[in-house]
Amino acid sequence: MSLIRNYKDEDYEQIKKLYSHSDWFGGQFDEARDSREKLAKVTSLDSESVLVFEDAGEIAGSVSLIEDGRVAWLFRYVVKDNDLDVARELYEKAIDILKIRGHSQVLVYSPIDDINLERRYLELGMNKGNYFTAFWRDI
């Protein structure tokens, strides 16, 4: 049985494994942002901030919602084996939550040179914006 639910601490190892697959729909792991403690903190403040797609006890996808009332982002949006059906279900659940919270637009950032990922976002009905990149620094 498949379901979308809120992240729980016992999901951490499976989530970390998903995030570590950079070839899957948007996987990326960074200890500074994705540690067990960071996920526990963000989900204690907002239980819907990290959603998981569970199928027969296995986490097959996840998306994090970052929003502040002004903007809403899909973050760490990763799906095992790039399964478009799982991606679509997670996307629709995330959009439903964001609409309830008053948002009329959602953003997702993507590497500018990943044609496959671009295609996947377009398949979800998202619009392609201008090319951007991010700059960061450990502090």
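For the structure, check the block above.
Here is what the cut-offs are and how they apply
- Residues numbered from 1 in each chain as written.
- Predicted model: local features only at pLDDT ≥ 70, side-chain atom pairs only at ≥ 80, totals over all residues.
- Heavy atoms only, no water.
- Phe/Tyr/Trp six-rings, centres within 6.5 Å; stacked < 30°, edge-to-face > 60°.
- Helix = DSSP H or I, 4+ residues; strand = E, 2+ residues; numbered from the N terminus.
- Buried < 20%, exposed > 50% of the residue type's maximum accessible area, 1.4 Å probe, protein only.
- Pairing = 2+ DSSP bridges.
- Contact = heavy atoms within 4.5 Å.
- Axes fitted to C-alpha atoms, helices over the stretch in contact; angles between N-to-C directions.
- Core = buried A, V, L, I, M, F, W, Y, C linked by side-chain atoms within 4.5 Å.

Q: Describe the packing of aromatic side chains, and please don't skip the residues or the numbers.
A: The relation between two aromatic rings is expressed through the spacing of the ring centres and the mutual angle of the planes. If you walk through the whole model with that rule in mind, you get two aromatic pairs. Measuring from centroid to centroid gives 6.0 Å for tryptophan 73 and tyrosine 109, while their planes differ by 70°, and the two rings are edge-to-face. In this pair, tryptophan 73 sits in strand 4 (residues 72–79) while tyrosine 109 sits in the loop between strand 5 (107–108) and helix 5 (115–123), placing the two residues 36 residues apart along the sequence. Classification of tryptophan 73 by relative accessible area gives partly exposed; the value is 30%. Seen in terms of ring centroids, tyrosine 77 and tyrosine 121 are 6.1 Å apart; in terms of plane orientation they differ by 40°. Their pairing is tilted.

Q: I'd love a proper account of the sheet that holds strand 1 (residues 2–6), names of residues and values included.
A: On the basis of which strands lie adjacent, the open sheet formed by five strands has the order 1-2-3-4-5 and mixed pairing. Since the sheet does not close on itself, it has two edges, and those belong to strand 1 and strand 5, each with one partner. Its contacts with the sheet place helix 1 (residues 12–19) against strand 2 (50–55), strand 3 (58–67) and strand 4, and it is angled at close to 80° to strand 3.

Q: Residue-level account of the nonpolar core, with values.
A: In terms of nonpolar packing, the biggest core is built from 23 residues, with Phe25, Leu74, Tyr77, Leu90 and Tyr91 touching the most fellow members. Elements with a contribution of two residues or more to this core: strand 2, strand 3, strand 4, helix 4 (84–100) and helix 5. In terms of residue count, the dominant contributor to this core is helix 4 (eight residues). Here leucine 74 is in contact with Val63, Ser64, Leu65, Tyr91, Ala94, Leu98, Val106, Leu107 and Val108, once residues within four sequence places are set aside. The next biggest cluster of nonpolar side chains, apart from the first, holds 11 residues, and it includes Tyr12, Ile15, Tyr19 and Val52.

Q: Which residues make up the environment of glutamate 89, and what are the values?
A: Looking at the element boundaries, glutamate 89 is found in helix 4. In the structure, glutamate 89 is positioned 85 residues away from isoleucine 4 in sequence and 8.0 Å away in space, judged by C-alpha atoms. In this view, glutamate 89 contacts Ile4 and Phe53; residues no more than four positions away in its chain are not counted.

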